[in-house]
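Reading the structure
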Amino acid sequence: MGASARPRGRSEAGLSIVVPLFNEAANLAGLHARIAEVARKLKATHALATEVVYVDDGSHDATLAQAQALPAHGFDVQVVSLSRNFGKEAALLAGLDHVRLGAVLFMDGDGQHPPDLVEKLVGHWLDDGYDVVYTAKAHRESEPWLRRLGVKLFYALINWGARQKIPEDAGDFRLLSPRAAAALRQLPERNRFFKGLASWIGFRQIRVDYEPAPRAHGVTTFSPGRLVGLSIEGLTSFSVAPLRFASLLGVALATIAFLFGLSILWETWTTGKSVPGYPSLVVGLMTIGGVQLIMIGIVGEYIGKILSELKARPIYFVAEHTEKRADAETAASASERTAAE
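To keep things clear, this report deals only with the structure shown in the data block. Everything quoted here is computed from the prediction, not taken from an experiment.

A look at the nonpolar core
Core analysis: the biggest nonpolar cluster contains 36 residues, and Leu15, Val19, Tyr54 and Leu105 have the highest contact counts within it. Each residue touching Val19, except ones within four places of it in the same chain, is listed here: Leu31, Ile35, Val52, Val53, Tyr54, Val55, Met107, Asp108 and Gly109. Within the second largest apolar cluster, 29 residues are counted, among which are Val55, Val80, Ala91 and Leu93.

See below:
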């Protein structure tokens, strides 16, 4: 996994909230305050201990300094700083590797995943016995039609022929029970697609629809080009559907070429006229050449994944790891009050 030692021990009782961060300095203080309120509610209603693991994925602003300065009021706080930007999948794994409490909840640091929904997710885990509680956008009416069409095509392709379907519109905002989190840690691959892996492990799963909050500060870094790249990464990391599509496309073109050849023979035998050769030859060569290049590209993507797995490089490196214990801060506050008195 990552080039970091595992925590000394994990407790099955409690909830660890993993928050990957990338240039989220403007959002962080407000998000931490909302998480603190949720932690107090969980302590009061479910007697549930909470910790937060912030994973700084190579931010270029003051995110790391602000995260290290956050107080641990009522819950433990860990800040894991990666040596560079390894991507969100690596940041999620780094958080998973460093949590101490059994259940794990993943949420983004941009404020669009509402902390107020955490209590509902925990209720499905503790009261209803679900192991994976995932969230999904209730609708995409505000998004451009082209993006909505792309999402539909992506899920249709990645679920094509898959035994375990990935729920459409499901996001990274989800809760894993202790045994589901333990199962996710056992998956060794380096080209990870978190949404797919969290569905693949099975167990009892339930969907919770929600309305994403508007981004509080800044703009998203996910441009259309980057979204296409992430889609290709997810498809080739988790599904063989592109290879199946390439094979079926080859069969379809071969069938069309065969039927076209029969039509040429029929016309020659019945009318004595030959089909003009140059246009049909050029079109056929261009079609076959284009399809071959597409297939080579698809196969190349999978060969690249195989090479990455064979190299077995660590998924991430940790540059800094700081911890703040809630009981330590409480003791420090008590000693300060005693000294003042």
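Next comes the rest of the description.
A closer look at empty space enclosed by the protein
Tallied over the full model, the rule gives two cavities of 30 Å³ or more. If you add up the space inside the largest cavity, you get close to 60 Å³. As for the largest cavity, its lining consists of Glu89, Leu92, Leu93, Leu96, Phe106, Leu184, Arg192, Phe194 and Leu197. Where the lining of the largest cavity is concerned, the elements lending two or more residues are helix H3 (88-98) and helix H7 (194-200). If you tally residues by element for the lining of the largest cavity, the top one is H3, at four residues. Here the lining of the largest cavity is built from residues that sort into seven nonpolar, no polar and two charged. Taken together, Ala67, Gln68, Leu70, Val77, Val79, Thr322, Glu323 and Lys324 form the lining of the second largest cavity.

Considerations on the pattern of salt bridges
In total, this model carries seven salt bridges according to the counting rule given. A salt bridge links Asp116 to Arg34; the nearest nitrogen and oxygen atoms lie 3.9 Å apart. Of this pair, Asp116 sits in the loop between strand S4 (101-106) and helix H4 (118-126) while Arg34 sits in helix H1 (residues 25-46), and the two are 82 residues apart along the sequence. Close ionic contact of Arg100 with Glu323 constitutes a salt bridge, the shortest N to O distance being 2.5 Å. Here Glu323 lies in strand S8 (residues 318-324) and Arg100 lies in the loop between H3 and S4, a separation of 223 residues in the sequence. Note on Glu323: relative accessible area 39%, which makes it partly exposed. The network of salt bridges with common partners includes Lys88, Asp108 and Asp172.

What about the packing of H1 against H4?
With their axes 10 Å apart at the nearest point, H1 and H4 run at an angle of 35 degrees to one another. Helix-helix and strand crossings are classified by hand; for H1 and H4 the assignment is right-handed. Where H1 abuts H4, its residues Val38, Lys41, Leu42, Thr45 and His46 lie against Val118, Glu119, Val122 and Leu126. Across the contact of H1 with H4, the residue classes tally to five nonpolar, two polar and two charged.

Examining the pairing of strand S2 (residues 50-56)
Most of S2 sits out of view: seven of its seven residues are buried. Side chains of S2 alternate between two faces, with Thr50, Val52, Tyr54 and Asp56 and Glu51, Val53 and Val55 buried alike. Summarising the sheet, S2 and strand S3 (residues 76-82) pair through six bridges and their orientation is parallel. Residue pairing across strands places Tyr54 opposite Val79, the latter belonging to S3. At this point the chain moves from S2, through helix H2 (residues 63-69), to the parallel S3, and the crossover so formed is right-handed.

Examining the packing of aromatic side chains
On inspection of all chains with the given rule, the structure shows one aromatic pair. Look at Phe106 and Phe194: their rings are 4.8 Å apart centre to centre, the planes differ by 65 degrees, and that puts the pair in the edge-to-face class. In this pair, Phe106 is assigned in strand S4 and Phe194 in helix H7, connecting sequence segments 88 residues apart. On the accessibility criterion, Phe106 (1% relative accessible area) is buried. The aromatic ring of Phe86 is capped on one face by Arg84, whose charged end is 4.0 Å from the ring centroid.

The rules behind each value
- Residues numbered from 1 in each chain as written.
- Predicted model: local features only at pLDDT ≥ 70, side-chain atom pairs only at ≥ 80, totals over all residues.
- Heavy atoms only, no water.
- Core = buried A, V, L, I, M, F, W, Y, C linked by side-chain atoms within 4.5 Å.
- Buried < 20%, exposed > 50% of the residue type's maximum accessible area, 1.4 Å probe, protein only.
- Contact = heavy atoms within 4.5 Å.
- 1 Å grid on protein atoms, 1.4 Å probe; cavity = no way out; pocket = protein on both sides within 12 Å on 5 of 7 lines; lining within 4 Å.
- Points joined across faces, edges and corners; volume = space filled by probe spheres on them.
- Helix = DSSP H or I, 4+ residues; strand = E, 2+ residues; numbered from the N terminus.
- Nonpolar A, V, L, I, M, F, W, Y, C, P; charged D, E, K, R; others polar.
- Salt bridge = Lys/Arg side-chain N within 4 Å of Asp/Glu carboxyl O.
- Axes fitted to C-alpha atoms, helices over the stretch in contact; angles between N-to-C directions.
- Left-handed = near helix turned anticlockwise from the far one by under 90°.
- Pairing = 2+ DSSP bridges.
- Right-handed = clockwise from strand over helix to strand, strands pointing away.
- Phe/Tyr/Trp six-rings, centres within 6.5 Å; stacked < 30°, edge-to-face > 60°.
- Lys NZ or Arg CZ within 6 Å of the ring centre and 35° of its normal.

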